[in-house]
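Residue strings, one per chain:
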Amino acid sequence: MGKYRIRVATGDSLLAGSSNLVQLWLVGEHGEKDLGKILRPIRIREVQLEVEVSLYLGRLLLVKLRKHKSLVGFDWFCKWIAVQGPGTQGEAFFPCYRWVQGNEIICLPEGTARTVRDDPQNQFKKHREKELEERRKVYRWGFWKEGLILPIAGNTQWDLPRNERFLEDKDLDFSLSLAKVLKDLALKGSLDLTNSVRRLEDFNKVFPQGKTPLAERVRNCWKDDALFGYQFLNGANPMLLRRSTSLPSRLVLPPEMEDLKTQLEKELQTGSLFEADFSLLDGVKPNVIIFKQQYVAAPLVMLKLQPDGRLLPMVIQLQPPRNGCPPPVLFLPSDPPMAWLLAKTWVRSSDFQLHQLQSHLLRGHLIAEVISVATMRSLPSLHPIYKVVSTGSGGHVDILQRATAGLTYRSFCPPDDLADRGLLDVKSSLYGQDALRLWGVISRRYVEKMVSLFYKSDGAVKDDPELQAWCREITETGLQGAQDRGFPISLESRAQLCHFITMCIFTCTGQHASTHQGQLDWYSWIPNGPCTMQKPPPISKDVTEKDIVDSLPNLHQARTQKTFIKFLGRRQPVMVALGQHKENYFSDPGPQAVLKQFQEELAALDKEIEVRNAGLDLPYEYLRPSMVENSVTI
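Naming follows an unreviewed UniProt entry, where the protein appears as Arachidonate 12-lipoxygenase, epidermal-type-like of Bos indicus x Bos taurus. Note on the protein: under the UniProt heading Pathway (unreviewed entry), the record states "Lipid metabolism." The UniProt entry for the protein carries the following text under Sequence similarities (unreviewed entry): "Belongs to the lipoxygenase family."

Structural data, given as structure tokens:
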């Protein structure tokens, strides 16, 4: 019995409010009270209500709400509800952070995170089960192609659950920006069909205004071997390079190249020989664009690491050897300049293909989608891990299928991946240094501390059925049986749980940022990352500038590439940096203190990288915490 003060917070976006009446219930240990239709959350960000309740409810467990539509139903984005009154011991906090649609009853549990073991009296058992049952109806697995990981069911953004779409401000920015670039492409692209590229300098016609300083540097220095090698370490796709442990079997060296073999073996013995092998592209069916055949190569590049940290190419093989055919031509830095430049341009085009499909789309967006869907299907909002991870032509299909078959658990964890690729001690791998440091902050300063709050022993991890179901949903269902590639199907210890959660968070934040943010820098100058090649790979070293120009995209293709790279690679105006989310899913002080320390550690790391970059000729910023988005969006 007594008076309750209720605060209700509506989202900040333009259309977050609703003119529909909302009915509220308070649910406590000793009873439930229907407060009636007492709320109309139009546009006021926070509404305060006072109600008299004749029952003694005891400790509040849930707030239930139901939106009633009149003639027209308007969705409402509810951030949270806070209640103070008899039995609340201060103010009880009920996080929501989702759209309230239709007229179904939504239950909001009090914000203290609880595993199944933390609820011995089963006060929340029915709520947990019902929430997951309803979520599984909304978050359904889809299917695209055999051999690929599963997407969420749906063909357009309107098929997605409302809570997974952009909020209005980001959606409006995305739609208007896309409309503008498509309009510009239509106007200027029509003129490109009557113009041709005759010289490499003609690509200046599509070099974007508002270019980045690094993009300008790339345009001026793209022919340099040092910049070519640098991109394997710190460019848009730092995921392919590895230290050689032997000379690749595909590298067939003719007798007249004995000196080259000696040089390669010398670098191999000293541990300074590296390789970038694009064999994944071998045999991929190339596209046909406007009735014109395009071409794909599967290069191999051997590089040497200099004492000063520069990575320089030694030899390029554009295609693997074929039975019954002469050995493929090997291109060397000592070759005629145009021949060597064309070979490097083919490598850059192949890197563009693997970057966009394997490193960015598959390892960034599609894996993040699996993690997100599995989380919504397996972990109720009460679960502490839900609250942690919430912070958060046929050729392309062929490439994705091949890349999917090679996805290993270790490759998603920088300490393991960099060790496997022999890059841990390469100081000029700024990506590697920053990935390790960001992984460490996420793991030690956030995940391990959060896990220790809710799991006091390895047994508590093993005995959590919701946690085990989440792990299986990711590995067996979403990733289509990835346990043979090292992904766990069960979590047996706190250490294993921490590693798995850190992998999920880093993949959806830092790893995606490292392959997303460099697009505008490295691909604005088309010859440095051509989206397609219009002539077959050269089989001789008799190459002119015209041969290079004829191989590169035509002006219309180049403008199309520039348009979408500029659109997708731009800095997002509505962006939430890693760890800076405003949603407060925890009501207990322990997790809030961990989050605050995590934010402080991220700020310190950001400052360290800023200071380091000030002394570098080419600053590396893609993994600065202030530049890393809190989730995968674009």
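Okay, the packing of aromatic side chains next. As enumerated under the stated definition, the model contains 18 aromatic pairs in all. Plain terms: the ring middles of Phe-77 and Trp-99 are 5.3 Å apart, the flat faces sit at 75° to each other, and that makes the pair edge-to-face. Residue Phe-77 is found in strand 6 (residues 76-84), and its partner Trp-99 is found in strand 7 (residues 91-100); the two are separated by 22 residues along the sequence. Owing to a relative accessible area of 13%, Phe-77 belongs among the buried residues under this scheme.

The next thing to look at is the sheet that holds strand 10 (residues 273-277). Taken in spatial order, the five strands line up as 9-10-13-14-15 in an open sheet, and their pairing is antiparallel. Two strands close off the open sheet at either side, each with one partner strand: strand 9 (242-243) and strand 15 (330-331). Where strand 10 lies against strand 13 (residues 300-305), five bridges are found, and the strand directions are antiparallel. Within strand 13, the position partnered with Ala-276 by the bridge is Val-301. Where helix 5 (residues 258-270) meets the sheet, it contacts strand 10, strand 13 and strand 14 (311-317), and its direction lies at approximately 135° from that of strand 14.

This part is about the packing of helix 1 (residues 125-138) against helix 6 (residues 337-378). What describes two packed helices is the angle between their axes and the distance between those same axes. Remark: helix 1 packs on helix 6, axes separated minimally by 7 Å, with the N-to-C direction vectors making an angle of 140°. One finds that helix 1 runs oblique with respect to helix 6. Here helix 1 contributes Leu-132, Arg-135 and Arg-136 to the contact with helix 6, which in turn contributes Thr-375, Met-376, Arg-377 and Ser-378. Partitioned by chemical class, the residues of the contact of helix 1 with helix 6 number two nonpolar, two polar and three charged.

Roughly 40 Å³ of volume is contained in the largest cavity. In this structure, the largest cavity is lined by Trp-222, Phe-228, Leu-341, Lys-344, Thr-345, Arg-348 and Asn-528. With four residues, helix 6 is the single largest residue contributor to the lining of the largest cavity. Considered class by class, the residues forming the lining of the largest cavity number three nonpolar, two polar and two charged.

Conventions and cut-offs
Along each chain, residues carry numbers from 1 onward, in the same order as the chain's sequence is written. Owing to the predicted nature of the model, reporting of local features is limited to residues with pLDDT of at least 70; listing and counting of side-chain atom pairs is limited to 80 or more, with chain, interface and lining totals taken over all residues. The side-chain values count all of the structure's non-hydrogen atoms but skip hydrogen atoms and water molecules. UniProt positions are given in the numbering used here, feature names are shortened, and annotations may be inferred rather than shown by experiment. Note on ring pairs: Phe, Tyr and Trp rings are taken, using the six-membered ring of Trp, and paired if centres are within 6.5 Å. Classes follow the plane angle, with under 30 degrees stacked, over 60 edge-to-face and the rest tilted. In this text, helices come from DSSP runs of H or I with a minimum length of four residues, and strands from runs of E with a minimum of two, each type numbered from the N-terminal end. Relative accessibility thresholds used throughout: buried, under 20% of the residue-type maximum; exposed, over 50%; partly exposed, between the two (1.4 Å probe, protein chains only). Strand pairing is assigned whenever DSSP identifies at least 2 bridges connecting the two strands. Contacts: residue pairs with any heavy atoms within 4.5 Å of one another. Under this scheme, a helix contributes an axis fitted over its contacting stretch, all axes are lines through C-alpha atoms, and angles between N-to-C directions fall in the 0 to 180 degree range. When describing relative orientation, an angle under 35 degrees is termed roughly parallel and one over 145 degrees roughly antiparallel, while 65 to 115 degrees is termed roughly perpendicular and anything else oblique. Asp, Glu, Lys and Arg are counted as charged, while Ala, Val, Leu, Ile, Met, Phe, Trp, Tyr, Cys and Pro are counted as nonpolar; the rest, among them Gly, fall into the polar class. Cavity: a set of points on a 1 Å grid over the protein atoms alone where a 1.4 Å probe fits but cannot get out. Pocket: an open set with protein on both sides within 12 Å along at least five of seven lines, its lining residues, like those of a cavity, having an atom within 4 Å of a point. Grid points are joined across faces, edges and corners, and a volume is the space filled by probe spheres set on the points.

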